[in-house]
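Listed below, chain by chain, are the residues.
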Amino acid sequence: FIPMEAPTGSAGEFMNSLGKSGYLFPIVGVLEVIIGIMLLLKKWVAFALVLLAPISINIMLFHLFLDIPGAPFALVILIFNGILIFKHWTQYKPLFY
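This write-up is about the structure you can find in this document. (Residues numbered from 1 in each chain as written. Predicted model: local features only at pLDDT ≥ 70, side-chain atom pairs only at ≥ 80, totals over all residues. Heavy atoms only, no water.)

**Topic: a nonpolar patch on the surface**
Right, on to step 1. The grouping of F14, I57, L61, L64, F65, L66 and I68 at the surface amounts to a nonpolar patch, some 650 Å² of accessible area in total.
Right, on to step 2. The biggest single contributor to the nonpolar patch is helix α3 (residues 45–65), with 4 residues.
Right, on to step 3. You can see L64 is positioned in helix α3. (Patch = residues over 30% accessible without salt bridge, like charges linked within 9 Å, V, L, I, M, F, W, Y side chains within 5 Å. Areas by Shrake-Rupley, 256 points an atom, 1.4 Å probe, with all protein chains shown as cover. Salt bridge = Lys/Arg side-chain N within 4 Å of Asp/Glu carboxyl O. Helix = DSSP H or I, 4+ residues; strand = E, 2+ residues; numbered from the N terminus.)

**Structural notes on the nonpolar core**
Most often, soluble globular proteins have nonpolar side chains that are buried together.
Right, on to step 1. Counting 5 residues, the largest nonpolar core is built from I35, M38, A48, L52 and I55.
Right, on to step 2. When contributions to this core are tallied by element, the ones reaching two or more residues are α2 (24–41) and α3.
Right, on to step 3. Here this core takes 3 residues from α3, the largest share from any one element.
Right, on to step 4. The contacts of I55, once residues within four sequence positions are left out, are L31, E32 and I35. (Core = buried A, V, L, I, M, F, W, Y, C linked by side-chain atoms within 4.5 Å. Buried < 20%, exposed > 50% of the residue type's maximum accessible area, 1.4 Å probe, protein only. Contact = heavy atoms within 4.5 Å.)

**Remarks on α3**
Right, on to step 1. Under the 1.5 Å per step criterion, the end-to-end length of α3 is 30 Å for 21 residues, consistent within 8% with the ideal 30 Å.
Right, on to step 2. Residue L52 marks the point of greatest curvature in α3, where the axis turns by about 30°; the proline P54 follows within four residues.
Right, on to step 3. Taken residue by residue, α3 has V45, A46, A48, L49, L52, A53, I55, S56, M60, F62 and H63 as its buried positions.
Right, on to step 4. Packing partners of the buried residues in α3 comprise α1 (9–21), α2, α4 (71–87) and α5 (89–92). (Expected span 1.5 Å × (residues − 1). Bend = angle between axes of the 7 residues up to and from the residue.)

**Notes on the packing of aromatic side chains**
Right, on to step 1. Here the structure, examined in full by the defined rule, presents 4 aromatic pairs.
Right, on to step 2. On the basis of an interplanar angle of 85° and a centroid distance of 6.2 Å, the ring pair of W44 and F47 is categorised as edge-to-face.
Right, on to step 3. The class for F47 is partly exposed, based on a relative accessible area of 44%.
Right, on to step 4. Considering the side-chain rings of W89 and Y92, the 5.9 Å spacing of their centres and the 45° angle between planes classify their relative orientation as tilted. Remark: Y92 and W89 occur in helix α5; sequence separation between them is 3 residues, near one turn of the helix.
Right, on to step 5. You can call Y92 buried: its relative accessible area is 6%.
Right, on to step 6. Counting every residue linked through ring pairs, the aromatic cluster contains W89, Y92 and F96. (Phe/Tyr/Trp six-rings, centres within 6.5 Å; stacked < 30°, edge-to-face > 60°.)

Interpretation note: all reported values are geometric properties and have no functional meaning in isolation.
What follows is the structure in structure tokens.
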């Protein structure tokens, strides 16, 4: 929704290669919308957060290795995801017994 300039250098090459695959961005986009709806409706929140965790981690790693100026925003996303997982930790406990 917010116009952004295309990434350049290694970040641009990486994003272009993902875009050329033809399937990755649409799948991630649909998944993010579904996760957002689940979180807003407070249905299956623990499951939504499990789906969101690898996306958040990948965003952080992308910015750490390819686009450092965006790293603070990526860190905020990762922290919010961590806070939500911590808040719902009782639902994850049975996975670790």
